[in-house]
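Structural features, examined
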Amino acid sequence: MLEIKNLTASIEDKTILNGIDLVVPDGEIHAIMGPNGAGKSTLSYVLSGREGYEVTGGSVLFNGQDLLAMEPEARAAAGVFLAFQYPIELPGVGNANFIRTAVNAVRKARGEAEMDTVAFLKEARAAIKRLSMPEDMLKRNVNVGFSGGEKKRNEILQMALLQPSLALLDETDSGLDIDALRIVADGVNAARGPNFSALVITHYQRLLDHIVPDRVHVLAGGRIVRSGGPDLALELEAHGYAGLEAA
Amino acid sequence: MAAITETRETIDRLAESGYQYGFETAIDMDFAPKGLNEDIVRLISAKKQEPEWLLEWRLKAYRAWLTMADPAWARIMHPRIDYQDLHYYAAPRAPAPKSLDEVDPALLEMYEKLGIPLNERASLAGVAVDAVFDSVSVATTFRDSLAQVGVIFCSISEAVREHPELVRKYLGSVVPAGDNYYAALNSAVFSDGSFVYIPKGVRCPMELSTYFRINARNTGQFERTLIIAEAGASVSYLEGCTAPMRDENQLHAAVVELVAHDEASIKYSTVQNWYPGDADGKGGIYNFVTKRGACRGAKSKISWTQVETGSAITWKYPSCILQGEGSSGSFYSVALTNHRQQADTGTKMIHLAPNTTSTIVSKGISAGHSNNTYRGLVRIMPKARNARNFTQCDSLLIGDQCGAHTVPYIECRNQSAKVEHEATTSKIADDQLFYCRSRGLSEEDSVGLLVNGFCREVLKELPMEFAVEAQKLLAVSLEGSVG
Ligand SMILES: Nc1ncnc2c1ncn2[C@@H]1O[C@H](COP(=O)(O)OP(=O)(O)OP(=O)(O)O)[C@@H](O)[C@H]1O
Ligand SMILES: [Mg+2]
């Protein structure tokens, strides 16, 4: 369970998060919507431990652990996964090697046995097939020369193999064609279960047609200004964010 | 800020623990008295029972050396070396072993500890090793199986005795005795090294490798390697090296000569891991090495691949002289410096004949307070019609206290030549580091992964077994040095 209490954070002395309160119980998927610049990506970075973001107040508990005190890699080991809004290119680093190194780092931190190359490739190929990705995605360098949509799918591939218990998906639907959107949604739905929860950041109802959220929150001006059921997304689609910040 | 402080601490910690080859081996040694003069040169030659012509050759080199000065053009700094304060010969006292069974068990154990088992059954599949300990070769494995196909792989001292005509013909034919200060010194006092001869049309059936180990104190190491590939022959050769951790600097001035005849190919790889000194720049090896290959024959090929992570100072320019029509030379280099290490390294590609091609890929990684210079010369001579060169020099900076410099010299005296040069300088970006860490990789593993990615084009040139070792070495040499 993720419990965010009155979280405030700033970048270079500029306050971006203004007191976020949010609880995501195990097994639930919550959507976060909100205008550009509202602080959605900032929230996902603060939760995954990116440097440069100063937490000025509040707390975040993840399964009872103080998430904010942990290094990014320790958060990954604890089960947090961030699908980046803009995935990063790693020249010269093979995708299969990268993901396998990550999977084994996480397994090791959890006290599980490492996976050998053969076992890993078997799983990776199966995941690639499920995600209808071309096989050469494993051979290429991480995100280098990937199209926008391929990069997003590569994030979902990593998620599928790392098997997190909390996924933060930052606009994973942006830039996807209709088929890719369905594939990505299938990827998330496949992970659904009592031990998986997710924060799905999106601007579009069409993603939420496929991944039906338990709750929808509106983040504006650095705080959650409204929360509701799946219908809230439809309402936003119809009326926009106008007037919400005051609410 | 916190991250940077933490990183500094990690570097400090690693500076103490990072070099795992720094032990010393107790072996009863025979030393020449300290100092350098004609008598010492004679003594070395006598110890090795050399023929008169070789003694004369050494003396000539010594006399030439006396008239020379050490090169001042490289971007390296060190106190003056007192050449009279060194031993020029150090060898285990026991008589030279005739077979592997006779090698001192302490030596076998040391090589075992270094991961170089000299026992043929335990060794890496398909790799023959010549082990050079201080001044002498202590063992060469798989000689018999190599001899069956006519390949000669032995120490150079032995080659002088057993194959004098070959040694006499080729020694100094690529790097003349008076070529430069350190080459002249080496020619005067070289102690041992490897000799390889691949007869006409033979593909050497295994990887050949030499493992150099400096053990004795206050001793210079001056090895000499000579590799000859006759027409149509091919060979892949690898050298590795380590030394104990010592507070004083030690000089290593080697010479390597390669000769490739018509359509022959020589691939020479180096994983250089001499002791680099401590975090404050105390101790470490001065690695002043002359390596040169002559592509004598038409369509011959010489390829240098080096991964340089060790040594306090590296001064080294493995070069190719492209004499044969259509011959080609390549140089793939990773030079990593950390702490106070200094590297001034690169290559020379001398195009003498038509249709010659050369490729240079250099990856410099600087961390800590180190200085890393790529220095390269591409010279196209008037007869080198349609010569081609492609040069790519990439520098990666880790932290903001280090220096990276690229000094390319291009001399083109034939209009039809095509010379391309690309250079980049980059840093490990914070977002790349965070991306890796958010996937569960530690900061150190992330840097290791990114650096290996940066070096990929070079690492893929190494023989498989050694590519893995080189990757680990890069990660170990860099752990924690993120700024
Ligand atoms: N490194 C930075 N330096 C200064 N300001 C920043 C930095 N990163 C983000 N910001 C600012 O913080 C605010 C929130 O940005 P954030 O990326 O979290 O928005 P978002 O809700 O994800 O927007 P979008 O929907 O466009 O992705 C913006 O005003 C942005 O300009
Ligand atoms: Mg965003």
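What you are looking at is a predicted structure, and each value in this text was computed from that prediction instead of being measured. (Residues numbered from 1 in each chain as written. Chains lettered and ligands numbered in written order. Predicted model: local features only at pLDDT ≥ 70, side-chain atom pairs only at ≥ 80, totals over all residues. Heavy atoms only, no water.)

Focus on the overall build of chain A
Along chain A, the regular secondary structure elements total eight helices and ten strands. A compact globule built from 247 residues should have a C-alpha radius of gyration of about 18 Å, and chain A, at 18 Å, falls within 12% of that. Projecting the C-alpha coordinates of chain A onto the three principal axes gives extents of approximately 55 × 40 × 35 Å. When burial is assessed residue by residue, chain A has 52% of its 247 residues classed as buried. Long-range pairs, those at least 24 residues apart, make up 68% of the contacts in chain A with a sequence separation of at least 6. When the accessible area of chain A is evaluated, it comes to approximately 10500 Å², of which 49% is carbon and sulfur surface. (Helix = DSSP H or I, 4+ residues; strand = E, 2+ residues; numbered from the N terminus. Rg over C-alpha atoms; globule rule 2.2 N^0.38 Å. Buried < 20%, exposed > 50% of the residue type's maximum accessible area, 1.4 Å probe, protein only. Contact = heavy atoms within 4.5 Å. Areas by Shrake-Rupley, 256 points an atom, 1.4 Å probe, with all protein chains shown as cover.)

Notes on the overall build of chain B
If you tally the helices and strands in chain B, you get twelve helices and 23 strands. Per element, the accessible surface of chain B, about 18500 Å² overall, is 50% carbon and sulfur.

Describing the interface of chain A and chain B
Facing 34 residues of chain A, the contacting portion of chain B comprises 19 residues. Overall, the association of chain A and chain B removes approximately 2100 Å² of surface from exposure, summing both partners, and the carbon and sulfur fraction of that is 63%. Taken together, chain A and chain B are joined by four salt bridges. A salt bridge links Arg 437 of chain B to Glu 73 of chain A, with the shortest nitrogen-to-oxygen separation between them at 2.8 Å. (Buried area = accessible area lost by both parts, 1.4 Å probe. Salt bridge = Lys/Arg side-chain N within 4 Å of Asp/Glu carboxyl O.)

What to know about the coordination of the magnesium ion (ligand 2)
All names here are of chain A. Around the magnesium ion (ligand 2), the protein contributes the donor atoms Ser 41 (OG) and Gln 85 (OE1), which lie 2.0 to 2.2 Å from the metal centre. Taken together, the residues Ser 41 in helix α1 (residues 40-48) and Gln 85 in the loop between β6 (80-83) and α3 (95-109) connect sequence positions 44 residues apart. No difference in accessibility class separates Ser 41 from Gln 85, as the two residues are buried. (Donors = N, O, S within 2.8 Å, 3.2 Å for Na, K, Ca; no water.)

Focus: the site of ligand 1
All names here are of chain A. Close to ligand 1 lie 14 residues; Gly 37, Lys 40, Ser 41, Thr 42 and His 203 are nearest. Between ligand 1 and the protein, one listed contact pairs an oxygen atom with a side-chain N or O atom of Asn 36 at 2.9 Å. Contacts to ligand 1 include Ala 38, whose backbone N or O atom sits 3.2 Å from an oxygen atom. A total of 640 Å² of accessible area belongs to ligand 1 in isolation, and the protein chains cover 65% of it. With three residues, the single largest contributor to the shell around ligand 1 is α1. The residue inventory of the shell around ligand 1, partitioned by class, reads four nonpolar, seven polar and three charged. (Near = heavy atom within 4 Å. Polar contact = N/O pair within 3.5 Å; in protein donor to acceptor, adjacent residues only side chain to side chain. Nonpolar A, V, L, I, M, F, W, Y, C, P; charged D, E, K, R; others polar.)

Here's the deal with the sheet that holds strand β9 (residues 215-220) of chain A
Residue and element names in this part refer to chain A. What the six strands build is an open sheet, ordered β6-β7-β8-β3-β9-β10; its pairing is mixed. One side of each edge strand has no neighbouring strand; the edge strands of this open sheet are β6 and β10 (223-228). Between one strand and the next, the sheet's axes are offset by a mean angle of 20 degrees, whatever the strand orientation. Judged from the four bridges that link them, β6 and strand β7 (residues 166-170) form a sheet pairing that is parallel. Residue pairing across strands places Ala 83 opposite Leu 169, the latter belonging to β7. (Pairing = 2+ DSSP bridges. Axes fitted to C-alpha atoms, helices over the stretch in contact; angles between N-to-C directions.)

Digging into the side chain of Arg 58 of chain B
Residue and element names in this part refer to chain B. Here Arg 58 shows up in helix α3 (residues 52-66). The class of Arg 58 is buried, set by a relative accessible area of 0%. For Arg 58, the side chain forms a polar contact with the main-chain oxygen of Phe 190, separated by 2.8 Å.

Notes on the pattern of salt bridges
The tally for this structure, following the rule as stated, stands at 22 salt bridges over all chains. For Arg 42 of chain B, the salt bridge goes to Glu 38 of chain B, with nearest N and O atoms at 3.6 Å. Within this pair, Arg 42 of chain B and its partner Glu 38 of chain B are both found in helix α2 (residues 38-47), separated by four residues, close to a single helical turn. On the basis of relative accessibility, which here comes to 36%, the residue Arg 42 of chain B falls in the partly exposed class. Within this structure, Glu 51, Glu 71 and Glu 73 of chain A together with Arg 437 of chain B form a network of salt bridges that share partners.

Details of unusual backbone geometry
Of note, the phi angle at Lys 299 of chain B is positive, near 55 degrees, even though the residue is not glycine. Here Lys 299 of chain B lies in the loop between β13 (284-295) and β14 (301-308).

Some points on the packing of aromatic side chains
Tallying each qualifying case throughout the model produces 22 aromatic pairs over all chains. Measuring from ring centre to ring centre gives 6.4 Å for Trp 57 of chain B and Phe 190 of chain B, while their planes differ by 75 degrees; the resulting arrangement is edge-to-face. Here Phe 190 of chain B lies in the loop between α8 (181-189) and β6 (194-198) and Trp 57 of chain B lies in helix α3, a separation of 133 residues in the sequence. Assessed through its relative accessible area of 18%, Trp 57 of chain B is described here as buried. Judged by its relative accessible area of 2%, Phe 190 of chain B falls in the buried class. Measuring from centroid to centroid gives 5.0 Å for Tyr 268 of chain B and Trp 304 of chain B, while their planes differ by 55 degrees, and the two rings are tilted. Highlighted residues: Tyr 268 of chain B in strand β12 (residues 265-272) and Trp 304 of chain B in strand β14, separated in sequence by 36 residues. Here Tyr 268 of chain B matches Trp 304 of chain B in class, with each residue buried. A connected cluster of aromatic rings, assembled from ring pairs, spans Tyr 62, Trp 65, Trp 73, Tyr 83, Tyr 181, Tyr 182, Tyr 286, Phe 288, Trp 315 and Tyr 317 of chain B. One residue, Arg 50 of chain A, lies across the ring of Tyr 45 of chain A, its end atom 4.7 Å from the ring centre. (Phe/Tyr/Trp six-rings, centres within 6.5 Å; stacked < 30°, edge-to-face > 60°. Lys NZ or Arg CZ within 6 Å of the ring centre and 35° of its normal.)

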